[in-house]
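Residue strings, one per chain:
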Amino acid sequence: MNENEAVEKIAENEQDSGLVARTAVVAEDESLIRMDIVETLTEAGYEVVAAVGDGASAVEKVRELRPDIVVMDVKMPQMDGVSAAEAIGKEHLAPVVMLTAFSQKELVERARDAGAMAFVVKPFTPNDLLPAIEIALSRYQQITSLNEEIRDLEERFETRKRVDRAKGLLQTNMNLSEPDAFRWIQKTSMDRRLTMREVADAVIDQLGPHKD
């Protein structure tokens, strides 16, 4: 079984098991190529929720429909694919696979910097396109997971800083030991059904130094 057949098999299994098909937006100004892409994706088990011919429409549809994947040509009217990919990437809307008839390093670098997850050079076959989509989906998931982990670590670090500050204020203003101050924050958090950070913020707001 080749890579394309494996991708199609996965899609068939998802459909058979009742799972929702992945959704896609296709943006390609050449209608015949656009139709071919839609047919390829549909046969592979994707639901193409929009097929448009320019970058501005692509961004609009991606914002509206939030697809799982975007397949987009580099050169299009109104807004080119690189600019559209940049807009989609900035808003973290969906992974983008770029289609191009050009293989210049500069163009690929622009598209990559704009947020494209994978590239397919024209002319291409389903054996080229479908694995590239799977790569884009995988990379996007990895990046999303990493960003969530970073946000979680930042949130934990900030919470710890605020709890430590609140403990210090409780020790100073209520003559509590550090363990007792921590337990006070914990108990207040549970009793009032607030997070420890919310309790710490309230303590800091009430007991911390205020500027006029």
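Below: a short report on this structure. A quick note: this is a predicted structure, and the numbers were derived from the prediction, not measured. Every chain is numbered on its own, with residues counted from 1 as its sequence reads. Predicted model: local features are reported for residues with pLDDT of at least 70 only, side-chain atom pairs are reported and counted for 80 or more only, and whole-chain, interface and lining totals are derived from all residues. With hydrogens and water stripped out, all remaining heavy atoms of the structure feed into the side-chain values.

**As for the overall build of the protein chain**
- A count of helical and extended segments in the protein chain gives 8 helices and 5 strands.
- Helix and strand definitions here come from DSSP, where helices need a minimum of 4 consecutive H or I residues and strands a minimum of 2 consecutive E residues; each element is numbered from the N-terminal end. In sequence order, the secondary structure elements of the protein chain are arranged as α-β-α-β-α-β-α-β-α-β-α-α-α.
- Counting every position in the protein chain, which comprises 212 residues, the buried fraction comes to 36%.
- For the protein chain, contacts bridging at least 24 residues in sequence account for 61% of all contacts bridging at least 6.
- Entry remark: accessible area of the protein chain is about 12900 Å², with carbon and sulfur atoms responsible for 49%. Partly exposed describes any residue whose relative accessible area lies between the buried limit of under 20% and the exposed limit of over 50%, with all areas from a 1.4 Å probe on protein chains only and scaled to the type maximum. Any two residues whose heavy atoms approach within 4.5 Å are treated as being in contact. Accessible surface area values rest on a Shrake-Rupley calculation with a 1.4 Å probe, where residue burial reflects the displayed protein chains alone.

**Thoughts on unusual backbone geometry**
- Omega for the peptide link from lysine 122 to proline 123 comes to -10°, which places this bond in the cis form.
- On the secondary structure map, proline 123 appears in the loop between strand E5 (118-121) and helix H6 (126-174).
- The backbone of arginine 66 shows a phi angle near 50°, a positive value even though the residue is not glycine.
- Summarising the element assignment, arginine 66 is placed in the loop between helix H3 (55-65) and strand E3 (69-73).
- Its relative accessible area of 52% is what places arginine 66 among the exposed residues.

**Notes on the nonpolar core**
- Grouped together as the largest cluster of nonpolar side chains are 24 residues, with contacts concentrated most on Val62, Val70, Met72, Ile88, Val96 and Met98.
- At the level of secondary structure, the elements contributing two or more residues to this core comprise strand E1 (23-27), strand E2 (47-52), H3, E3, helix H4 (81-90), strand E4 (96-100) and helix H5 (105-114).
- Top contributing element to this core by residue count: H4, with 5 residues.
- In contact with valine 70, not counting residues within four places along its chain, are Val25, Val62, Ile88, Ala94, Pro95, Val96 and Val97.
- By nonpolar core is meant a set of buried Ala, Val, Leu, Ile, Met, Phe, Trp, Tyr and Cys residues that side-chain atoms within 4.5 Å join together. Residues Leu41, Tyr46, Met117 and Ile133 belong to the second largest nonpolar core, which totals 19 residues.

**A short note on the pattern of salt bridges**
- The term salt bridge refers to a side-chain nitrogen of Lys or Arg lying within 4 Å of a carboxyl oxygen of Asp or Glu. Evaluation of the coordinates by the stated rule reveals 15 salt bridges.
- In this structure, arginine 197 and glutamate 155 form a salt bridge, with 2.9 Å as the shortest nitrogen-oxygen distance. Taken together, the residues arginine 197 in helix H8 (residues 196-207) and glutamate 155 in helix H6 connect sequence positions 42 residues apart.
- The salt bridge involving aspartate 180 is made with arginine 183; its shortest N-O contact spans 2.5 Å.

**Some thoughts on the side chain of threonine 40**
- Topologically, threonine 40 is positioned in helix H2 (residues 31-43).
- Owing to a relative accessible area of 15%, threonine 40 belongs among the buried residues under this scheme.
- Leaving out residues up to four positions away in the same chain, threonine 40 has contacts with Pro126, Leu129 and Leu130.

**Quick notes on the pairing of E5**
- Here E5 shows one buried face, formed by Ala118 and Val120, and one open face, formed by Phe119 and Val121.
- For two strands to be treated as a pair, DSSP must find at least two bridges joining them. Of the pairings in the sheet, the one linking E4 to E5 comprises 4 bridges and is parallel in character. Along E5, the bridge assignment pairs methionine 98 with phenylalanine 119.

**Here we look at the layout of surface pockets**
- The method works on a 1 Å grid over the protein atoms by themselves. A cavity is a set of points holding a 1.4 Å probe that cannot get out, a pocket is an open set with protein on both sides within 12 Å along at least five of seven lines, and residues with an atom within 4 Å of a point line them. Grid points are joined across faces, edges and corners, and a volume is the space filled by probe spheres set on the points. Computed from the structure, the largest pocket encloses a volume of approximately 270 Å³.
- Breaking the lining of the largest pocket down by element, the ones donating at least two residues are H4 and H6.
- Examining the composition of the lining of the largest pocket, we find that 6 residues originate from one element, H6, more than from any other.
- Charged residues are taken to be Asp, Glu, Lys and Arg, nonpolar residues to be Ala, Val, Leu, Ile, Met, Phe, Trp, Tyr, Cys and Pro, and polar residues to be all remaining types, Gly included. The class makeup of the residues in the lining of the largest pocket is 7 nonpolar, 5 polar and 2 charged.

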